[in-house]
Amino acid sequence: MSAPSATSGVPRHVAVIMDGNGRWAARRRRPRAIGHRAGARAVNLCIDFCIERGVQVLTLFAFSSENWGRPADEVGALMKLFLNALDREVGELHRRGVQVRFIGDRDRFDPAITARMRAAEALTAGNGRLVLAIAASYGGRQDIASAARALAVEVAEGRLRPEAIDEAAMARRVALADLPAPDLFIRTGGDLRVSNFLLWQLAYTELWFTEVLWPDLDAATLQQAFDDFAGRQRRFGLTGDQVAPTPTADTMAP
Ligand code: FPP
């Protein structure tokens, strides 16, 4: 995959919490499931926007490990929506060069859904225009715990020395390890929290929040997020001068 750097102003990897579907429906006195259905339309808008801007990776938080605890009718409606979306959208995503991936504990889904997840991944594996990672039954703590478990197994089997466990070793075992970490995190719906999404991967991600409810998402809102991102100085723990040295007489053009 070509690698335009995030310093070009466009985030390479955008991670999104799509929040506000329930409130969108409540404002219309409709069931929450209607909000999720409207949310699925906003997913397409977000994918289109990212493709047009040259984003490499888009990760969407579709269903958290905690969302299984929601009322059974809402979970059922979401599962139906996922199944329909997989049937309806994957062919078109493939045609557009999108590689579809799923992260999270897929064993908790109905086999009809996991079969479609596997088929979508197999069909689109060779695509490189945009990686669309869908976090489903995903939790950041669960992700870190499973990476820790993988390391423990390697130590127990004598394939890894405990002293070799460092940040890089951990980073290779969390979800999306082969992709750049998210540059920009967007959360709609007005809440100012990360909600157990990509906890390891978000360490130096720029965070952006909006009151806009997910089903109301439009290109102008996404553009605001991208413009804000382009104006930020990312320091990764260094000083401002280290990442963008103040011009001196020596470095100034005559
Ligand atoms: C959070 O809003 C949203 C979800 C738990 C589901 C997200 C799902 C979609 C956007 C639908 C389709 C997705 C794909 C990938 C096909 P909420 O229900 O917590 O809203 P609230 O905070 O207003 O109650």
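None of these values were measured; they are calculated from a predicted model.

Moving on to the environment of V174. For V174, the location among the structural elements is in the loop between α6 (167–171) and β5 (184–187). With 34 residues separating them along the chain, V174 and G140 place their C-alpha atoms 9.2 Å apart. Non-local contacts of V174, meaning those with residues more than four positions away in its chain, are made with D143, A147, W200 and Q201.

Further remarks concern the packing of aromatic side chains. In total, this model carries 11 aromatic pairs according to the counting rule given. Look at W68 and F109: their rings are 5.2 Å apart centre to centre, the planes differ by 55°, and that puts the pair in the tilted class. Of the two residues, W68 sits in the loop between β2 (57–64) and α3 (72–95) while F109 sits in the loop between β3 (98–103) and α4 (111–124), which places them 41 residues apart along the sequence. Ring centres of F185 and F197 lie 6.5 Å apart, and the angle between their planes is 50°; on these two criteria the pair is classed as tilted. Pair noted here: F185 is in strand β5 and F197 is in the loop between β5 and β6 (206–209), with a separation of 12 residues, a long-range link. You can call F185 buried: its relative accessible area is 0%. When its relative accessible area of 0% is taken as the criterion, F197 is described as buried. Among the aromatic residues, ring-to-ring pairing joins F61, Y138, F185, F197 and F209 into one connected group. Above the plane of the ring of W24 lies R28, whose end atom (NZ or CZ) is 3.9 Å from the centre.

Side chains of nonpolar character tend, in soluble globular proteins, to be buried together. Residues V16, I47, L58, L130, L132, I186 and W214 are the most contacted members of the largest nonpolar core, which totals 42 residues. Looking at this core, the element that brings in the most residues is α3, giving eight residues. With residues near it in sequence (within four places) discarded, I47 still touches L58, L93, L130 and L132. Listed in part, the 16 residues of the second largest apolar core include I17, A133, Y138 and L179.

Moving on: the pattern of salt bridges. Side chains that carry opposite charge are capable of pairing whenever their charged atoms lie near each other. Counted under the stated rule, the structure contains 20 salt bridges. The salt bridge involving E157 is made with R159; its shortest N-O contact spans 2.5 Å. Comparing E157 with R159, the two get one shared label, exposed. For D228, the salt bridge goes to R232, with nearest N and O atoms at 3.2 Å. Since its relative accessible area comes to 33%, D228 is described here as partly exposed. For R232, a relative accessible area of 26% corresponds to the partly exposed category. Here the residues in one salt-bridge network are R12, D183, E206, D228, R232 and R234, joined through shared partners.

What follows deals with the side chain of T210. Here T210 lies in the loop between β6 and α7 (219–230). Of the residues examined, T210 reaches a relative accessible area of 10% and is grouped as buried. Looking at T210, its side chain comes within polar contact range of the main-chain nitrogen of V212, at 3.1 Å. With near-sequence residues (within four places) excluded, T210 lies in contact with R187, T188, G189, G190 and T221.

Conventions used here
Residues numbered from 1 in each chain as written. Predicted model: local features only at pLDDT ≥ 70, side-chain atom pairs only at ≥ 80, totals over all residues. Heavy atoms only, no water. Helix = DSSP H or I, 4+ residues; strand = E, 2+ residues; numbered from the N terminus. Contact = heavy atoms within 4.5 Å. Phe/Tyr/Trp six-rings, centres within 6.5 Å; stacked < 30°, edge-to-face > 60°. Buried < 20%, exposed > 50% of the residue type's maximum accessible area, 1.4 Å probe, protein only. Lys NZ or Arg CZ within 6 Å of the ring centre and 35° of its normal. Core = buried A, V, L, I, M, F, W, Y, C linked by side-chain atoms within 4.5 Å. Salt bridge = Lys/Arg side-chain N within 4 Å of Asp/Glu carboxyl O. Polar contact = N/O pair within 3.5 Å; in protein donor to acceptor, adjacent residues only side chain to side chain.

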